[in-house]
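Here is how the chains run, residue by residue.
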Amino acid sequence: MNDKKGQHVVPNGSKWSVRRAGAVRASATYDTQTEAIERARQLAKNESTELYIHGRDGRIRERSSYGRDTFPPKG
């Protein structure tokens, strides 16, 4: 079982932070959500985990998985 945590892009005042699931402190804070998403996506890919993008209201608005998919989509 994969016990690695996902990366979350969360609002932080007027800025955006990247935070590992379960972490108290942000690993990085950026001026724009786009910058935070780019960094969080790199981390999620490197760690083969999930990426959760939250909106200004704090709710998850987008989720991407970079783990090893047992059932990859057929295309």
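Structural notes, computed from the coordinates.

About the thresholds
- Residues numbered from 1 in each chain as written.
- Predicted model: local features only at pLDDT ≥ 70, side-chain atom pairs only at ≥ 80, totals over all residues.
- Heavy atoms only, no water.
- Helix = DSSP H or I, 4+ residues; strand = E, 2+ residues; numbered from the N terminus.
- Buried < 20%, exposed > 50% of the residue type's maximum accessible area, 1.4 Å probe, protein only.
- Pairing = 2+ DSSP bridges.

Section: the environment of Trp16
(1) Moving on: Tracing the backbone through its elements, the reader meets Trp16 in strand 2 (residues 15-20).
(2) Moving on: Trp16 sits 13 residues away from Thr29 along the chain, and the two C-alpha atoms are 5.6 Å apart.

Notes on the pairing of strand 4 (residues 50-54)
(1) Moving on: With 5 of 5 residues buried, strand 4 lies mostly within the body of the structure.
(2) Moving on: Residues of strand 4 alternate between two faces, with Glu50, Tyr52 and His54 on one and Leu51 and Ile53 on the opposite face, all of them buried.
(3) Moving on: Sheet topology places strand 1 (residues 7-12) next to strand 4; 3 bridges connect them, and they run parallel. Residue pairing across strands places Gln7 opposite Leu51, the latter belonging to strand 4.
(4) Moving on: In this structure, strand 4 lies alongside strand 5 (residues 60-65), joined through 5 bridges in antiparallel fashion. In the sheet register, Glu50 faces strand 5, and the bridge partner there is Ser65.
(5) Moving on: Counting the residues in the hairpin turn of strand 4 and strand 5 gives 5 residues, including Gly58, whose phi is positive at 90°.

Concerning the pairing of strand 2
(1) Moving on: Sheet topology note: the strand 1/strand 2 ladder contains 6 bridges and is antiparallel. Bridged to Val10 within strand 2 is Ser17.
(2) Moving on: Between strand 1 and strand 2, which follow one another and run antiparallel, lie 2 residues, and Gly13 among them has a positive phi close to 65°.
(3) Moving on: Two elements, strand 2 and strand 3 (residues 28-30), share 3 bridges in a ladder whose sense is antiparallel. Following the sheet pairing, Trp16 is matched in strand 3 by Tyr30.

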